[in-house]
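# Observations on the three-dimensional arrangement
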Amino acid sequence: MNLFRVPRVFERFQLLVFTGHMSPVDRHVTLSLATRDDAIFAVSYADWRTKRINKLLELYGVDWFAGKRVLELGSGLSDIGAFFADLGAEVVCLEGRQETVTFARLKHRDVPRLTIAQCDLEGDFSQYGRFDLIIHFGLLYHIREVDAHMARCFDLADEVVLESVVCDSTDPERILYVPEPAQVAEQSLHGVGSRPSPFYVERLAAERGFAADRHFTADLNHKNMYIYDWPHRNDESHGDWRKRRFWRFHRGAAESSMSEPRAIEAAA
Ligand SMILES: C[S@@+](CC[C@H](N)C(=O)[O-])C[C@H]1O[C@@H](n2cnc3c(N)ncnc32)[C@H](O)[C@@H]1O
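Per chain, the residues get numbers from 1 upward, laid out in the order the sequence is written. It should be noted that, the model being predicted, local features are given only for residues of pLDDT at least 70 and side-chain atom pairs only at 80 or more, the latter also being counted only at that level, while totals for whole chains, interfaces and linings use all residues.

Starting at the N terminus, helices and strands are each numbered in turn, a helix being any DSSP run of H or I of at least four residues and a strand any DSSP run of E of at least two. One can find Cys-153 in helix H6 (residues 146-156). Neighbour counting defines burial: a residue surrounded by 20 or more other C-beta atoms within 10 Å of its own C-beta is buried, one with 12 or fewer is exposed, and intermediate counts give partly exposed, using backbone-placed C-beta atoms. Taking the C-beta count within 10 Å as the criterion, Cys-153 has 24 such neighbours and is therefore assigned buried. Taking C-alpha positions, Cys-153 is 9.9 Å from Ile-135, a pair spaced 18 residues apart along the chain. Contact between two residues is assigned whenever their backbone-derived C-beta positions fall within 7 Å. When near neighbours in sequence (up to four residues on either side) are disregarded, Cys-153 contacts Ile-134, His-136 and Val-160.

Okay, here's the thing in structure tokens:
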């Protein structure tokens, strides 16, 4: 709920009482989160983020992360990276918008092992080194140069967990380009996004020697907004932000990397 919707006197009371004892930085972070609900501040991110964190825990387990190097790309408020830093990973979060980076650094300033930096991910990011895992959520469809970007990811890690909006096509060569409002803090930095087919993304992975596990499962769905378990119609629609896919890509043994993608059922 946005606090602007409650009566003004009550709102003032709430803000003063609940933030009165806080440090200046905590108060700034809290009031920013309470009074904004645009883009990455939308409440819908909370449920969506929780489900994707749970999926990572299901895939790797709680204990796997301690001591690992993790890269989160297009990290927004960097809550996901911060979670895994809290579990003991050395985490680098890269985000394109300086305003978002500044706020995320304030929000997570007490989280150990967490670096948050501004970086345009249409370009090179290899200077941050190699990682045990790349977390790639909600970013690919905001990138125009998808092939070059994915090649960089597959060069930097043997494990890439990726979720994206895609276009409804079974053609491994199909990719759409769509204009996006660059002034909206969750969209493409440069005003052009892409909607590759799921098979396009899997082809890029296979060409780099990565096997794909498909997690096209309802446990990841957020309301009717973000859907992962939809059947193909081959009509090239992407349902605005609805039609999404989730994969774990891993550099396999030579024979498994060229094998068919595996469909993974959701845990009961
Ligand atoms: C939909 S939000 C996803 C945030 C977060 N990854 C999540 O899944 O909750 C997309 C994020 O990607 C960032 N982004 C868009 N284009 C970018 C680019 N070229 N380089 C770096 N970040 C970019 C946006 O600023 C925004 O924070």
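Having put the structure on the table, let's press on.
Moving on to the sheet that holds strand E8 (residues 210-214). Being paired, for any two strands, means DSSP has found at least two bridges between them. A sheet is described by the order of its strands in space; here eight strands give the open sequence E3-E2-E1-E4-E5-E9-E8-E10, paired in mixed fashion. Strands with a single pairing partner mark the edges of an open sheet, and in this sheet they are strand E3 (114-118) and strand E10 (262-263). Where strand E5 (residues 159-165) and strand E9 (residues 244-251) come together, seven bridges link them in antiparallel fashion. In the sheet register, Val-161 faces E9, and the bridge partner there is Arg-248.

Below, the discussion takes up the site of the ligand. As used in this record, a residue near a molecule or strand is one whose C-beta atom, placed from the backbone, is within 6 Å of it. Around the ligand, 21 residues are found, and the nearest of them are Gly-74, Gly-76, Gly-96, Leu-121 and Gly-138. When residue character is reported, Ala, Val, Leu, Ile, Met, Phe, Trp, Tyr, Cys and Pro are called nonpolar, Asp, Glu, Lys and Arg charged, and the others, Gly included, polar. The residue inventory of the shell around the ligand, partitioned by class, reads seven nonpolar, eight polar and six charged.

Here we take up the packing of helix H2 (residues 24-35) against helix H5 (residues 98-107). Helix axes use the C-alpha atoms of the stretch in contact, all axes being lines fitted to C-alpha atoms, and the angles between their N-to-C directions lie in the range 0 to 180 degrees. It is the contact of H2 with H5, at a shortest axis distance of 9 Å, that shows an interaxial angle of 125°. By the angle between their directions, the pair H2 and H5 is classed as oblique. Regarding H2 and H5, the two cross each other, and that crossing is left-handed. Residues Val-25, His-28, Val-29 and Ser-32 of H2 form the contact with H5, whose participating residues are Phe-103, Leu-106 and Lys-107. Should an angle lie under 35 degrees it is considered roughly parallel, over 145 roughly antiparallel, and from 65 to 115 roughly perpendicular; all remaining angles are considered oblique. Helix crossings fall into two classes, left-handed where the near helix is turned counterclockwise from the far one by less than a right angle and right-handed where it is turned clockwise.

What follows is about the pairing of E8. In summary, the side chains of a regular strand alternate between the two faces of the sheet. Note: E8 against E9, five bridges, orientation antiparallel. Along E9, the bridge assignment pairs Ala-212 with Phe-249. Two elements, E8 and E10, share two bridges in a ladder whose sense is parallel. Bridge pairing in E10 places Asp-213 opposite Arg-262.

The next subject is the nonpolar core. Definition of nonpolar core: a set of buried Ala, Val, Leu, Ile, Met, Phe, Trp, Tyr and Cys residues joined via C-beta atoms within 7 Å. With 54 residues, the main nonpolar core has Val-70, Val-91 and Ile-134 as its most contacted residues. With five residues, helix H4 (residues 79-86) is the largest single contributor of residues to this core.

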